[in-house]
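Take a look at the letters that make up each chain.
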Amino acid sequence: MSSHKSHGGHQARKRFGQNFLVDPHTISKIVAAVAPKPGDNIVEIGPGQGAITAPILSRCPTLNVVELDRDLIPLLQAQFQGYPDLQIHQGDALCTDFSRFYETGRPLRIIGNLPYNISTPLLFHLLTYSGMVRDMHFMLQKEVVDRLAAMPGDKHYGRLSVMVQYHSQVQPLFRVPPGAFRPAPKVESAIVRIVPYAEPPYPATDIGLLSKLVNACFQQRRKTIRNTLKHLMTEQQLAGLDIDLTLRPETLSVADFVRLSNQMEAFS
Ligand code: SAM
């Protein structure tokens, strides 16, 4: 089955990750967590049939939404025709330039019950706008929230944990059971709040290099960092690093990765 008839007559499409929220209690909890105020600069990714859009709009009538499914656009336009300051953008959030919504003095608040099939690339895309973002509230697969919040040594700790925690504070908020959606997903979900730092506490001199290093390390998470790093630098440079080379990547903190990356940058 690739689709499911929902209340509005719209076929929920699996390929767009459509699991529509139907539980009013969950919707209220999400809106309370976001706590929208008039004047906030909110962007919603994937409004779907408007389950979160409606209560957000009633508190913050100026809103941008980005929805990929063309069939949902006329339904959203009809549902919210009384809101002239709602801008509905048809398009792919993965390719959306979020700086277009940014106004100085009004940093972005990004929200969404995200399509699970694109959540990791979307999070990486959104990280590139961290400097313009006040906060983000997302519904994600619970396992992704575990990865976002994981600490060194946790089984979920990896590239996503390090790169998101480099830029921001991550606060898992609450779980959402499959029954809160229609159709019900096969997995548990959870709401997370991500708050970018004004300045990262451990600044990398070259963020591209940090990203490359973290990538390389977690491709071989069970190997020692010596094994990974020997492909990226000379023996002499390895010997000059201020880190225990017998450690495994999964035990390094964000600060360790940044220190390592900054030392590598100094070699080049
Ligand atoms: N917000 C609604 C709710 O809570 O009921 C819908 C959530 S549903 C999990 C995900 C929504 O994201 C769907 O409306 C889907 O069409 C939309 N979507 C999927 N891929 C997208 C993309 N790449 N860019 C923007 N929206 C997308």
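Thresholds applied
Residues numbered from 1 in each chain as written. Predicted model: local features only at pLDDT ≥ 70, side-chain atom pairs only at ≥ 80, totals over all residues. Heavy atoms only, no water. Pairing = 2+ DSSP bridges. Helix = DSSP H or I, 4+ residues; strand = E, 2+ residues; numbered from the N terminus. Axes fitted to C-alpha atoms, helices over the stretch in contact; angles between N-to-C directions. Parallel < 35°, antiparallel > 145°, perpendicular 65-115°, else oblique. Left-handed = near helix turned anticlockwise from the far one by under 90°. Contact = heavy atoms within 4.5 Å. Nonpolar A, V, L, I, M, F, W, Y, C, P; charged D, E, K, R; others polar. Core = buried A, V, L, I, M, F, W, Y, C linked by side-chain atoms within 4.5 Å. Buried < 20%, exposed > 50% of the residue type's maximum accessible area, 1.4 Å probe, protein only. Domains from an automatic or database assignment.

Caption draft 1: Examining the sheet that holds strand E8 (residues 133–141) more closely. Pairing in this open sheet of seven strands is mixed, and the strands run E6-E5-E4-E7-E8-E11-E9 from one edge to the other. Strands at the two margins of the open sheet, each flanked by one partner only, are strand E6 (86–90) and strand E9 (168–176). Sheet twist, expressed as the mean angle between neighbouring strand axes with direction ignored, is 20 degrees. Pairing between strand E4 (residues 41–45) and strand E5 (residues 63–67): four bridges, direction parallel. Along E5, the bridge assignment pairs Val43 with Asn64.

Caption draft 2: Layout of the packing of helix H5 (residues 142–149) against helix H6 (residues 159–167). Axis separation between H5 and H6 bottoms out at 7 Å; the angle between their running directions is 60 degrees. On the basis of the axis angle, H5 is oblique to H6. By crossing handedness, the relation of H5 to H6 is classed as right-handed. Counted together, Val144, Arg147, Leu148 and Ala149 of H5 and Leu160, Ser161, Val164 and Gln165 of H6 form the full contact between these two elements. Among the residues making up the contact of H5 with H6, the classes are represented as five nonpolar, two polar and one charged.

Caption draft 3: Focus on the nonpolar core. Counting residues in hydrophobic clusters, the biggest one holds 53 residues, and the most contacted among them are Phe98, Ile110, Phe138, Leu140, Leu148, Leu229 and Phe257. Of the residues forming this core, the biggest block, six residues, is contributed by helix H7 (residues 207–219). Mapping this core onto the domain boundaries places at least three of its residues in each of domain 1 (14–196) and domain 2 (207–267). Grouped together as the second largest cluster of nonpolar side chains are 23 residues, Ile42, Cys60, Phe80 and Ile111 included.

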